[in-house]
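Chains, contacts and geometry: an overview
The lines below spell out each chain.
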Amino acid sequence: AVNIAVYSLMLTQWKFLLPLTFETLKTIEFGAVYLLPAIALQMIWALLAIPVRPWVRAYQLSFLAFAFIGMANPWPDTRPLSLMAFEIWILPALLFIPVVLWKSMQAGNTEARTLFLGLIVFGATCVNDILIDMARLDNPRLIHYGFAVLVLAMAVSVGNRFTAMLNRLEREIAKHTEELREANEQLVAVARLDPLTGLLNRRGLIEDAEKEIKRVNRGSPEFTIILADIDHFKSVNDRHGHTCGDQALRRLAALLRQRLREVDILGRWGGEEFIVVLPETDGDGASVVAEYLRHAVETAHFDYQGEPLPLTMTFGISSHRKGESLEATINRADTALYQGKEAGRNRVTVNAYQGKANKIFIFKNSNT
(Lines give C-alpha, C1' and ligand atoms only; values in the text may rest on other atoms or scores of the structure.)
Protein backbone atom coordinates (compact mmCIF):
# COMPACT_ATOMS: atom_id res chain seq x y z
CA ALA A 1 0.00 0.00 0.00
CA VAL A 2 2.88 2.39 0.79
CA ASN A 3 4.54 1.48 -2.50
CA ILE A 4 1.35 2.22 -4.42
CA ALA A 5 0.88 5.49 -2.55
CA VAL A 6 4.40 6.62 -3.42
CA TYR A 7 3.93 5.82 -7.10
CA SER A 8 0.53 7.54 -7.18
CA LEU A 9 2.09 10.65 -5.62
CA MET A 10 4.77 10.65 -8.34
CA LEU A 11 2.01 10.87 -10.97
CA THR A 12 0.60 14.12 -9.53
CA GLN A 13 1.83 17.68 -9.29
CA TRP A 14 1.95 17.33 -5.51
CA LYS A 15 5.37 15.73 -5.84
CA PHE A 16 6.90 19.12 -6.64
CA LEU A 17 6.08 20.30 -3.13
CA LEU A 18 8.77 17.91 -1.91
CA PRO A 19 12.30 19.40 -1.52
CA LEU A 20 13.68 17.00 -4.15
CA THR A 21 15.06 17.47 -7.62
CA PHE A 22 13.15 16.33 -10.67
CA GLU A 23 15.73 13.63 -11.31
CA THR A 24 15.31 12.28 -7.76
CA LEU A 25 11.53 12.26 -8.10
CA LYS A 26 11.82 10.35 -11.37
CA THR A 27 14.18 7.85 -9.74
CA ILE A 28 11.65 7.28 -6.94
CA GLU A 29 8.89 6.81 -9.51
CA PHE A 30 10.81 4.13 -11.42
CA GLY A 31 11.88 2.44 -8.19
CA ALA A 32 8.24 2.21 -7.05
CA VAL A 33 7.23 0.70 -10.39
CA TYR A 34 10.02 -1.88 -10.39
CA LEU A 35 9.38 -2.84 -6.74
CA LEU A 36 5.64 -3.34 -7.15
CA PRO A 37 5.63 -6.87 -8.71
CA ALA A 38 7.83 -8.30 -5.94
CA ILE A 39 5.55 -6.88 -3.25
CA ALA A 40 2.37 -7.87 -5.15
CA LEU A 41 3.54 -11.48 -5.47
CA GLN A 42 4.22 -11.62 -1.73
CA MET A 43 0.81 -10.11 -0.98
CA ILE A 44 -1.07 -12.57 -3.21
CA TRP A 45 0.72 -15.66 -1.92
CA ALA A 46 0.27 -14.49 1.68
CA LEU A 47 -3.44 -13.74 1.29
CA LEU A 48 -4.02 -17.07 -0.43
CA ALA A 49 -2.03 -18.82 2.34
CA ILE A 50 -0.05 -20.93 -0.12
CA PRO A 51 3.69 -21.70 0.12
CA VAL A 52 6.08 -19.62 -2.01
CA ARG A 53 7.94 -21.96 -4.34
CA PRO A 54 11.61 -21.35 -5.20
CA TRP A 55 10.89 -20.20 -8.77
CA VAL A 56 8.39 -17.62 -7.44
CA ARG A 57 10.98 -16.40 -4.95
CA ALA A 58 13.58 -16.09 -7.74
CA TYR A 59 11.08 -14.16 -9.84
CA GLN A 60 10.49 -11.80 -6.91
CA LEU A 61 14.23 -11.24 -6.47
CA SER A 62 14.57 -10.34 -10.14
CA PHE A 63 12.20 -7.41 -9.61
CA LEU A 64 14.16 -6.33 -6.56
CA ALA A 65 17.21 -6.28 -8.82
CA PHE A 66 15.29 -4.16 -11.34
CA ALA A 67 14.39 -1.69 -8.57
CA PHE A 68 17.98 -1.50 -7.28
CA ILE A 69 19.49 -1.08 -10.77
CA GLY A 70 16.78 1.35 -11.84
CA MET A 71 17.29 3.64 -8.84
CA ALA A 72 21.08 3.41 -8.96
CA ASN A 73 21.25 3.94 -12.74
CA PRO A 74 23.50 6.98 -13.37
CA TRP A 75 22.35 7.25 -17.00
CA PRO A 76 18.80 8.62 -17.09
CA ASP A 77 18.66 8.27 -20.85
CA THR A 78 18.65 4.48 -20.55
CA ARG A 79 15.49 4.43 -18.40
CA PRO A 80 13.14 3.89 -21.35
CA LEU A 81 15.08 0.75 -22.28
CA SER A 82 15.05 -0.55 -18.71
CA LEU A 83 11.33 0.22 -18.47
CA MET A 84 10.70 -1.71 -21.69
CA ALA A 85 12.68 -4.68 -20.35
CA PHE A 86 10.71 -4.48 -17.11
CA GLU A 87 7.39 -4.43 -18.97
CA ILE A 88 8.37 -7.50 -20.98
CA TRP A 89 9.58 -9.30 -17.85
CA ILE A 90 6.32 -8.61 -16.00
CA LEU A 91 4.15 -10.19 -18.72
CA PRO A 92 4.61 -13.78 -17.36
CA ALA A 93 3.27 -12.60 -14.00
CA LEU A 94 0.16 -11.22 -15.70
CA LEU A 95 -0.37 -14.68 -17.17
CA PHE A 96 0.39 -17.10 -14.31
CA ILE A 97 -1.07 -15.06 -11.41
CA PRO A 98 -4.65 -15.37 -12.76
CA VAL A 99 -4.06 -19.12 -13.15
CA VAL A 100 -2.96 -19.40 -9.49
CA LEU A 101 -5.98 -17.39 -8.40
CA TRP A 102 -8.31 -19.50 -10.51
CA LYS A 103 -6.99 -22.72 -8.95
CA SER A 104 -7.43 -21.23 -5.49
CA MET A 105 -10.99 -20.26 -6.37
CA GLN A 106 -11.69 -23.82 -7.53
CA ALA A 107 -10.30 -25.07 -4.20
CA GLY A 108 -12.86 -22.93 -2.35
CA ASN A 109 -10.62 -20.03 -1.30
CA THR A 110 -13.03 -17.09 -0.94
CA GLU A 111 -10.26 -14.49 -0.83
CA ALA A 112 -9.08 -15.61 -4.28
CA ARG A 113 -12.31 -14.30 -5.84
CA THR A 114 -11.80 -10.80 -4.52
CA LEU A 115 -8.15 -10.74 -5.53
CA PHE A 116 -8.98 -12.19 -8.94
CA LEU A 117 -11.32 -9.33 -9.79
CA GLY A 118 -8.92 -6.71 -8.45
CA LEU A 119 -5.94 -8.14 -10.34
CA ILE A 120 -7.92 -8.46 -13.58
CA VAL A 121 -8.60 -4.71 -13.44
CA PHE A 122 -5.02 -4.00 -12.40
CA GLY A 123 -3.65 -6.22 -15.18
CA ALA A 124 -5.81 -4.44 -17.74
CA THR A 125 -4.41 -1.06 -16.66
CA CYS A 126 -0.88 -2.48 -16.78
CA VAL A 127 -1.42 -3.71 -20.34
CA ASN A 128 -2.80 -0.29 -21.27
CA ASP A 129 0.29 1.51 -19.95
CA ILE A 130 2.66 -1.04 -21.50
CA LEU A 131 1.03 -0.52 -24.90
CA ILE A 132 1.38 3.24 -24.45
CA ASP A 133 5.15 2.79 -23.99
CA MET A 134 5.72 0.01 -26.53
CA ALA A 135 3.13 0.72 -29.24
CA ARG A 136 2.96 4.47 -28.74
CA LEU A 137 -0.77 4.46 -28.18
CA ASP A 138 -2.36 7.81 -27.49
CA ASN A 139 -4.25 6.62 -24.41
CA PRO A 140 -4.27 8.13 -20.92
CA ARG A 141 -2.31 6.19 -18.32
CA LEU A 142 -4.60 4.13 -16.10
CA ILE A 143 -2.24 2.21 -13.86
CA HIS A 144 -2.88 4.46 -10.87
CA TYR A 145 -6.57 3.55 -11.15
CA GLY A 146 -5.51 -0.08 -11.27
CA PHE A 147 -3.49 0.55 -8.12
CA ALA A 148 -6.58 1.95 -6.41
CA VAL A 149 -8.64 -1.11 -7.39
CA LEU A 150 -5.85 -3.39 -6.19
CA VAL A 151 -5.67 -1.64 -2.82
CA LEU A 152 -9.47 -1.92 -2.55
CA ALA A 153 -9.26 -5.65 -3.33
CA MET A 154 -6.57 -6.01 -0.66
CA ALA A 155 -8.77 -4.20 1.87
CA VAL A 156 -11.80 -6.34 1.03
CA SER A 157 -9.69 -9.51 1.20
CA VAL A 158 -8.24 -8.58 4.58
CA GLY A 159 -11.75 -7.64 5.76
CA ASN A 160 -13.06 -11.03 4.64
CA ARG A 161 -10.22 -12.75 6.45
CA PHE A 162 -10.93 -10.76 9.60
CA THR A 163 -14.63 -11.64 9.39
CA ALA A 164 -13.79 -15.31 8.86
CA MET A 165 -11.47 -15.19 11.89
CA LEU A 166 -14.21 -13.63 14.02
CA ASN A 167 -16.72 -16.24 12.88
CA ARG A 168 -14.25 -19.02 13.66
CA LEU A 169 -13.54 -17.52 17.07
CA GLU A 170 -17.27 -17.23 17.79
CA ARG A 171 -17.75 -20.90 16.85
CA GLU A 172 -14.82 -21.91 19.05
CA ILE A 173 -16.14 -19.79 21.92
CA ALA A 174 -19.61 -21.32 21.51
CA LYS A 175 -18.05 -24.79 21.46
CA HIS A 176 -15.93 -24.13 24.55
CA THR A 177 -18.93 -22.53 26.29
CA GLU A 178 -20.97 -25.67 25.64
CA GLU A 179 -18.10 -27.85 26.87
CA LEU A 180 -17.82 -25.68 29.99
CA ARG A 181 -21.58 -25.93 30.57
CA GLU A 182 -21.43 -29.72 30.27
CA ALA A 183 -18.41 -29.83 32.58
CA ASN A 184 -20.24 -27.67 35.14
CA GLU A 185 -23.27 -29.94 34.94
CA GLN A 186 -21.02 -32.93 35.53
CA LEU A 187 -19.39 -31.18 38.49
CA VAL A 188 -22.81 -30.37 39.95
CA ALA A 189 -23.87 -33.99 39.47
CA VAL A 190 -20.66 -35.30 41.05
CA ALA A 191 -21.08 -32.89 43.98
CA ARG A 192 -24.48 -34.52 44.66
CA LEU A 193 -23.27 -38.12 44.58
CA ASP A 194 -21.60 -40.37 47.11
CA PRO A 195 -18.38 -41.64 45.46
CA LEU A 196 -18.52 -45.06 47.16
CA THR A 197 -22.11 -46.15 46.48
CA GLY A 198 -23.09 -43.87 43.60
CA LEU A 199 -26.20 -42.83 45.54
CA LEU A 200 -27.11 -39.27 46.40
CA ASN A 201 -25.02 -37.84 49.19
CA ARG A 202 -26.47 -35.76 52.02
CA ARG A 203 -26.39 -32.57 49.95
CA GLY A 204 -28.10 -34.13 46.94
CA LEU A 205 -30.76 -35.81 49.00
CA ILE A 206 -31.60 -32.64 50.95
CA GLU A 207 -31.98 -30.72 47.68
CA ASP A 208 -34.42 -33.31 46.28
CA ALA A 209 -36.28 -33.64 49.57
CA GLU A 210 -36.77 -29.86 49.77
CA LYS A 211 -38.47 -30.09 46.37
CA GLU A 212 -40.89 -32.62 47.83
CA ILE A 213 -41.70 -30.20 50.67
CA LYS A 214 -42.55 -27.53 48.09
CA ARG A 215 -44.81 -30.01 46.30
CA VAL A 216 -46.61 -30.78 49.55
CA ASN A 217 -47.04 -27.06 50.23
CA ARG A 218 -48.66 -26.72 46.79
CA GLY A 219 -51.21 -29.39 47.69
CA SER A 220 -49.54 -32.67 46.76
CA PRO A 221 -49.96 -35.69 49.07
CA GLU A 222 -47.53 -36.14 51.92
CA PHE A 223 -44.23 -37.97 51.66
CA THR A 224 -42.51 -40.23 54.14
CA ILE A 225 -38.88 -40.66 55.15
CA ILE A 226 -37.21 -43.96 55.96
CA LEU A 227 -33.87 -43.86 57.78
CA ALA A 228 -32.00 -47.19 57.69
CA ASP A 229 -28.87 -48.29 59.50
CA ILE A 230 -26.77 -51.45 59.10
CA ASP A 231 -26.76 -53.49 62.27
CA HIS A 232 -23.40 -54.14 63.96
CA PHE A 233 -21.52 -52.63 61.01
CA LYS A 234 -18.53 -51.72 63.21
CA SER A 235 -17.91 -55.39 63.88
CA VAL A 236 -17.85 -56.05 60.12
CA ASN A 237 -15.07 -53.48 59.69
CA ASP A 238 -13.22 -54.71 62.79
CA ARG A 239 -13.36 -58.35 61.72
CA HIS A 240 -12.86 -58.14 57.95
CA GLY A 241 -11.41 -54.68 57.38
CA HIS A 242 -12.70 -51.55 55.71
CA THR A 243 -12.44 -53.05 52.23
CA CYS A 244 -15.09 -55.55 53.23
CA GLY A 245 -17.17 -52.76 54.76
CA ASP A 246 -16.99 -50.71 51.57
CA GLN A 247 -18.03 -53.72 49.52
CA ALA A 248 -20.99 -54.34 51.84
CA LEU A 249 -22.10 -50.72 51.52
CA ARG A 250 -22.00 -50.91 47.71
CA ARG A 251 -23.97 -54.17 47.65
CA LEU A 252 -26.59 -52.90 50.06
CA ALA A 253 -26.95 -49.66 48.07
CA ALA A 254 -27.55 -51.67 44.90
CA LEU A 255 -30.06 -53.97 46.65
CA LEU A 256 -32.07 -51.03 48.05
CA ARG A 257 -32.05 -49.21 44.70
CA GLN A 258 -33.34 -52.27 42.87
CA ARG A 259 -36.29 -52.65 45.23
CA LEU A 260 -37.52 -49.05 45.17
CA ARG A 261 -39.56 -47.14 42.61
CA GLU A 262 -37.88 -44.79 40.15
CA VAL A 263 -39.60 -41.83 41.82
CA ASP A 264 -38.27 -42.80 45.25
CA ILE A 265 -35.21 -40.86 46.42
CA LEU A 266 -32.41 -42.95 47.89
CA GLY A 267 -29.22 -41.59 49.40
CA ARG A 268 -26.38 -42.37 51.73
CA TRP A 269 -26.92 -40.29 54.82
CA GLY A 270 -23.49 -40.96 56.28
CA GLY A 271 -21.37 -43.87 57.48
CA GLU A 272 -23.57 -46.97 57.38
CA GLU A 273 -26.87 -45.02 57.27
CA PHE A 274 -29.14 -44.79 54.23
CA ILE A 275 -32.17 -42.58 53.77
CA VAL A 276 -35.21 -43.00 51.52
CA VAL A 277 -37.77 -40.35 50.58
CA LEU A 278 -41.07 -41.90 49.40
CA PRO A 279 -43.15 -39.29 47.51
CA GLU A 280 -46.94 -39.40 47.92
CA THR A 281 -46.67 -42.18 50.50
CA ASP A 282 -48.14 -42.20 54.00
CA GLY A 283 -46.77 -43.93 57.08
CA ASP A 284 -48.66 -47.17 56.48
CA GLY A 285 -47.38 -47.45 52.93
CA ALA A 286 -43.86 -46.62 54.06
CA SER A 287 -44.08 -49.36 56.72
CA VAL A 288 -44.84 -51.93 54.02
CA VAL A 289 -41.91 -50.69 51.92
CA ALA A 290 -39.52 -50.69 54.89
CA GLU A 291 -40.52 -54.22 55.90
CA TYR A 292 -40.02 -55.35 52.32
CA LEU A 293 -36.52 -53.84 52.33
CA ARG A 294 -35.72 -55.28 55.75
CA HIS A 295 -36.68 -58.77 54.66
CA ALA A 296 -34.72 -58.42 51.39
CA VAL A 297 -31.57 -57.48 53.28
CA GLU A 298 -32.02 -60.22 55.87
CA THR A 299 -32.49 -62.95 53.27
CA ALA A 300 -29.87 -61.71 50.79
CA HIS A 301 -26.70 -63.73 50.38
CA PHE A 302 -23.64 -61.64 51.15
CA ASP A 303 -20.13 -63.00 51.35
CA TYR A 304 -16.58 -61.76 51.49
CA GLN A 305 -13.68 -63.80 50.12
CA GLY A 306 -15.83 -66.92 50.19
CA GLU A 307 -16.96 -66.40 53.80
CA PRO A 308 -20.69 -65.73 54.47
CA LEU A 309 -21.43 -62.22 55.61
CA PRO A 310 -24.93 -62.01 57.14
CA LEU A 311 -26.29 -58.47 57.28
CA THR A 312 -29.44 -56.92 58.69
CA MET A 313 -30.77 -53.37 58.88
CA THR A 314 -32.99 -51.41 61.24
CA PHE A 315 -35.48 -48.90 59.77
CA GLY A 316 -36.98 -45.75 61.27
CA ILE A 317 -39.99 -44.08 59.59
CA SER A 318 -41.61 -40.65 59.90
CA SER A 319 -44.18 -39.00 57.65
CA HIS A 320 -43.70 -35.34 56.84
CA ARG A 321 -46.26 -32.95 58.30
CA LYS A 322 -47.20 -29.86 56.30
CA GLY A 323 -45.33 -26.88 57.74
CA GLU A 324 -42.67 -29.08 59.30
CA SER A 325 -39.03 -28.62 58.33
CA LEU A 326 -37.11 -31.40 56.65
CA GLU A 327 -34.72 -31.51 59.57
CA ALA A 328 -37.57 -32.11 62.00
CA THR A 329 -38.97 -34.96 59.89
CA ILE A 330 -35.56 -36.61 59.67
CA ASN A 331 -35.03 -36.19 63.42
CA ARG A 332 -38.28 -38.05 64.09
CA ALA A 333 -37.17 -40.84 61.75
CA ASP A 334 -33.87 -40.92 63.59
CA THR A 335 -35.71 -41.20 66.90
CA ALA A 336 -37.70 -44.13 65.54
CA LEU A 337 -34.49 -45.74 64.30
CA TYR A 338 -32.93 -45.36 67.74
CA GLN A 339 -35.96 -46.99 69.33
CA GLY A 340 -35.67 -49.90 66.91
CA LYS A 341 -32.00 -50.33 67.79
CA GLU A 342 -32.90 -50.32 71.48
CA ALA A 343 -35.62 -52.91 70.87
CA GLY A 344 -33.15 -55.39 69.37
CA ARG A 345 -32.35 -54.22 65.80
CA ASN A 346 -33.44 -55.80 62.49
CA ARG A 347 -36.90 -54.28 62.69
CA VAL A 348 -39.07 -51.40 61.40
CA THR A 349 -40.05 -48.59 63.75
CA VAL A 350 -42.61 -45.87 62.93
CA ASN A 351 -42.69 -42.44 64.55
CA ALA A 352 -46.38 -41.61 64.16
CA TYR A 353 -47.79 -38.15 64.88
CA GLN A 354 -51.00 -38.11 66.90
CA GLY A 355 -52.23 -34.68 67.91
CA LYS A 356 -49.38 -32.90 69.66
CA ALA A 357 -47.54 -36.08 70.56
CA ASN A 358 -45.45 -38.64 68.74
CA LYS A 359 -46.11 -42.35 69.18
CA ILE A 360 -43.57 -45.10 68.41
CA PHE A 361 -44.70 -48.36 66.71
CA ILE A 362 -42.11 -51.15 66.49
CA PHE A 363 -42.57 -54.02 64.01
CA LYS A 364 -40.40 -57.13 64.23
CA ASN A 365 -41.74 -58.42 60.90
CA SER A 366 -44.73 -58.04 58.62
CA ASN A 367 -46.96 -60.16 60.90
CA THR A 368 -46.56 -58.14 64.09
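Structure shown above.
Residues numbered from 1 in each chain as written. Predicted model: local features only at pLDDT ≥ 70, side-chain atom pairs only at ≥ 80, totals over all residues. Heavy atoms only, no water.

1. Points about the packing of helix α8 (residues 233–240) against helix α9 (residues 242–258)
Where α8 meets α9, the axes come as close as 6 Å, and the angle between the chain directions of the two elements is 135°. Here α8 lies oblique to α9, going by the angle between them. Across the interface between the two elements, Phe233, Val236, Asn237 and His240 of α8 pack against His242, Cys244, Gly245, Ala248 and Leu249 of α9. Considering only residue class, the contact of α8 with α9 consists of 5 nonpolar, 4 polar and no charged. (Axes fitted to C-alpha atoms, helices over the stretch in contact; angles between N-to-C directions. Helix = DSSP H or I, 4+ residues; strand = E, 2+ residues; numbered from the N terminus. Parallel < 35°, antiparallel > 145°, perpendicular 65-115°, else oblique. Contact = heavy atoms within 4.5 Å. Nonpolar A, V, L, I, M, F, W, Y, C, P; charged D, E, K, R; others polar.)

2. Comments concerning the packing of helix α3 (residues 54–72) against helix α4 (residues 79–106)
Running from N to C, α3 and α4 point in directions that differ by 155°, and their axes come no closer than 11 Å. The angle between α3 and α4 falls in the class roughly antiparallel. Remark: the crossing between α3 and α4 carries left-handed chirality. Facing α3, whose interface residues are Trp55, Tyr59, Ser62, Phe63 and Phe66, α4 presents Ser82, Ala85, Phe86, Trp89, Ile90, Pro92, Ala93 and Phe96. (Left-handed = near helix turned anticlockwise from the far one by under 90°.)

3. Here we look at the environment of threonine 299
Relative to the elements of secondary structure, threonine 299 occurs in helix α10 (residues 283–299). Sequence-wise, threonine 299 and leucine 81 are 218 residues apart; in three dimensions their C-alpha atoms are separated by 110 Å. Only 2.7 Å separates the side chain of threonine 299 from the backbone oxygen of histidine 295, close enough to count as a polar contact. (Polar contact = N/O pair within 3.5 Å; in protein donor to acceptor, adjacent residues only side chain to side chain.)

4. Details of the side chain of aspartate 208
As for its placement among the helices and strands, aspartate 208 is situated in helix α7 (residues 202–217). In contact with aspartate 208, not counting residues within four places along its chain, are Arg192, Leu200 and Ile265.

5. What to know about the pattern of salt bridges
Summed over all chains, the structure comprises 18 salt bridges. A salt bridge links glutamate 207 to arginine 192; the nearest nitrogen and oxygen atoms lie 2.6 Å apart. Note that glutamate 207 is positioned in helix α7 and arginine 192 in the loop between α6 (143–191) and α7, a separation of 15 residues in sequence. With a relative accessible area of 17%, arginine 192 lands in the buried category. Its salt-bridge partner being aspartate 231, residue lysine 341 comes within 2.9 Å of it at the nearest N-O pair. Highlighted residues: lysine 341 in helix α11 (residues 326–342) and aspartate 231 in the loop between β1 (224–230) and α8, separated in sequence by 110 residues. Through salt bridges with shared partners, one network takes in Arg192, Arg203, Glu207 and Asp208. (Salt bridge = Lys/Arg side-chain N within 4 Å of Asp/Glu carboxyl O. Buried < 20%, exposed > 50% of the residue type's maximum accessible area, 1.4 Å probe, protein only.)

6. Details of the packing of aromatic side chains
In this structure the tally under the stated criterion is 11 aromatic pairs. Note on tyrosine 34 and phenylalanine 66: the rings are 5.8 Å apart at their centroids and 45° apart in plane angle, and the pair reads as tilted. Placement of tyrosine 34 in helix α2 (residues 22–48) and of phenylalanine 66 in helix α3 is noted, with a sequence separation of 32 residues between them. Centre to centre, the rings of tyrosine 59 and phenylalanine 63 are 4.8 Å apart; their planes meet at 75°, and the pair counts as edge-to-face. On the criterion of helical spacing, the pair formed by tyrosine 59 and phenylalanine 63 is a turn pair, its members being 4 residues apart in helix α3. In this pair, the class of tyrosine 59 matches that of phenylalanine 63, namely buried. An aromatic cluster of three or more residues is present, and its members are Phe30, Tyr34, Trp45, Trp55, Tyr59, Phe63, Phe66, Phe86, Trp89 and Phe96. Above the plane of the ring of tryptophan 269 lies arginine 202, whose end atom (NZ or CZ) is 4.0 Å from the centre. (Phe/Tyr/Trp six-rings, centres within 6.5 Å; stacked < 30°, edge-to-face > 60°. Lys NZ or Arg CZ within 6 Å of the ring centre and 35° of its normal.)

7. Focus: helix α1 (residues 2–10)
Among all positions in α1, only Asn3, Ile4, Tyr7 and Met10 are buried. Looking straight down α1, one finds its buried side chains confined to an arc of 120°; they lie on one side. In the core, the buried residues of α1 are packed alongside α2 and α6. (Arc of directions from axis to C-beta.)

From the geometry alone we can't say anything about function, so treat these as descriptive.
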